[in-house]
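Listed here are the chains, written in short residue letters.
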Amino acid sequence: MSEELNPFKIAQEELDAAAETMGLDKTAHAILREPKRILTVNIPVKMQDGTTKVFNGFRVLYNDARGPGKGGIRYHPLENVDTVKALSAWMTWKTSLANIPFGGAKGGVICDPKTLNDFELENLSRGYIRALGRAIGPKVDIPAPDVYTNPQIMAWMMDEYSELVGYDEPGVITGKPLEIGGSEGRFDSTAMGGMYVLREAAKTINLDLKNSKIIIQGFGNAGMFAFEIATRLSGGKVIGVSDSEGGIYDPDGIDYNKLLEAKKRTGKVQGYEKGQKVTNEQLLELDADVLIPAAIENQITAANADRIKTKIVLELANGPVTPDADKILFEKGILDMPDFLVNSGGVIVSYFEWVQDIGGYYWTQEDVYKRLDTIITRSFNDVIGMQKQYAANGKKISPRTAAYIVAVDRVARAMKFRGWY
Ligand code: GLU
């Protein structure tokens, strides 16, 4: 049988496996297998040429037992409801594992943002918010950026929502520019959180990060900052990096500033002049200490997991490792740190942004990073603690399964207290 690659089926499969291991209550399991609410919206958008084009979008609220929904909005030509459902489930486990007072949600609009100008992007973003109306809100469901959305888009959305309710409401959305209620440290928070997890993971296997070799797949918001922060904080060297067009490999280490300059000038990582060109597939299989998938879903599958050579896989993207690949990596003794732990820095600092917006008092960047470190290191320890608890009873579970058990148990207990089952 071929491997399941539908992201929502994968999300359900992962939940089912955890439910079985932890002996989850059947009703709780049934509630948690499907989203609470799926909204489909139809958005007429005035285009630059005077015509009106209709776009389709979604907002899925997966679960709100622990607090209002939380999760980003993606603009993507291949967006579909199953991907958004999966991502909303993963947000539920992400906020729960971080132990911040939110549930999980996600949104998406089917569009190719590369073909839209600012006028059209603004109209689309405002139209999406008008279509969602009161289904979002600082106490209902709080969106944020994700693939191909950015602080400017969050600003338009916040403004549209404020118009709708009749007062300024910065707490409705996170990832905003600093000028209108954004938080210090939000932009590189996903990568920063990932680096704190890497620091802790390296300690558990006695890996000296200063002399380590790192590979990064993806050079978007997460991958780019991961490159910069990893080399600056750990002292390790990045020997391979890629974007959607392909990668480069240089065993002597890639120079961040030169790479950035080449990417700006040529639009691709392969514009970098030194080193050797590799495909995205070859990049994943290079010999190094740490592999950071920071692009999209389903990159490490049953087809290539066996050829991964690093000691640590740090999942900075959402869903880069399939359940079958997860088993293979675990059997090979590779420490695979799951996405909803590694990339939770983004939503953790979103939480800080929401708290600051509600309180109207803003923190320093130093404060933000310190609090992020405290929360994400606590999550890491919760995962390792759960693994040890099972090991003490003679059962070996992967970090992903351990993370699921911690997260699902918290959501199930919240639902129980609320009387949902
Ligand atoms: N889109 C990010 C994620 O997948 C951030 C979500 C948020 O800040 O709400 O975690």
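Report on the accompanying structure. (Residues numbered from 1 in each chain as written. Predicted model: local features only at pLDDT ≥ 70, side-chain atom pairs only at ≥ 80, totals over all residues. Heavy atoms only, no water.)

Inspection of the region around the ligand gives 14 residues, with Lys70, Lys94, Pro145, Asp146 and Ser350 positioned closest. Between the ligand and the protein, one listed contact pairs an oxygen atom with a side-chain N or O atom of Lys106 at 3.1 Å. Side-chain polar atom of Arg186 to an oxygen atom of the ligand: 3.2 Å apart, as the coordinates give it. Burial of the ligand by the surrounding chains reaches 94%, relative to a free accessible area of 290 Å². Counting only elements with at least two residues in the shell around the ligand, the list comes to β3 (69-76), α3 (81-98), β5 (141-145) and α12 (345-359). Counted by class, the shell around the ligand contains 4 nonpolar, 5 polar and 5 charged residues. (Near = heavy atom within 4 Å. Polar contact = N/O pair within 3.5 Å; in protein donor to acceptor, adjacent residues only side chain to side chain. Areas by Shrake-Rupley, 256 points an atom, 1.4 Å probe, with all protein chains shown as cover. Helix = DSSP H or I, 4+ residues; strand = E, 2+ residues; numbered from the N terminus. Nonpolar A, V, L, I, M, F, W, Y, C, P; charged D, E, K, R; others polar.)

This part is about the nonpolar core. Core analysis: the biggest nonpolar cluster contains 90 residues, and Trp93, Ile216, Phe227, Val241, Leu259, Ile292 and Met337 have the highest contact counts within it. Considering every element that reaches this core, the biggest residue donor is helix α14 (residues 399-418), with 11 residues. Once residues within four sequence positions are removed from consideration, Ile216 is found in contact with Gly223, Ala226, Phe227, Val238, Gly240, Val241, Ser242, Leu283, Ile292 and Ala294. With 25 residues, the next largest nonpolar core counts Met47, Cys111, Leu121 and Trp156 among its residues. (Core = buried A, V, L, I, M, F, W, Y, C linked by side-chain atoms within 4.5 Å. Buried < 20%, exposed > 50% of the residue type's maximum accessible area, 1.4 Å probe, protein only. Contact = heavy atoms within 4.5 Å.)

Moving on to α3. For the α-helix, the turn length of 3.6 residues means that residues three or four positions removed from each other point alike. Its 18 residues give α3 an end-to-end C-alpha distance of 26 Å, which sits within 8% of 26 Å, the value for a rise of 1.5 Å per residue. Most of α3 is tucked away, with 16 of its 18 residues classed as buried. For α3, the N-terminal capping position is held by Asn80, with its side-chain oxygen 3.0 Å away from the main-chain nitrogen of Asp82. After α3 finishes, the residue Asn99 shows a positive phi value of roughly 60 degrees. (Expected span 1.5 Å × (residues − 1).)

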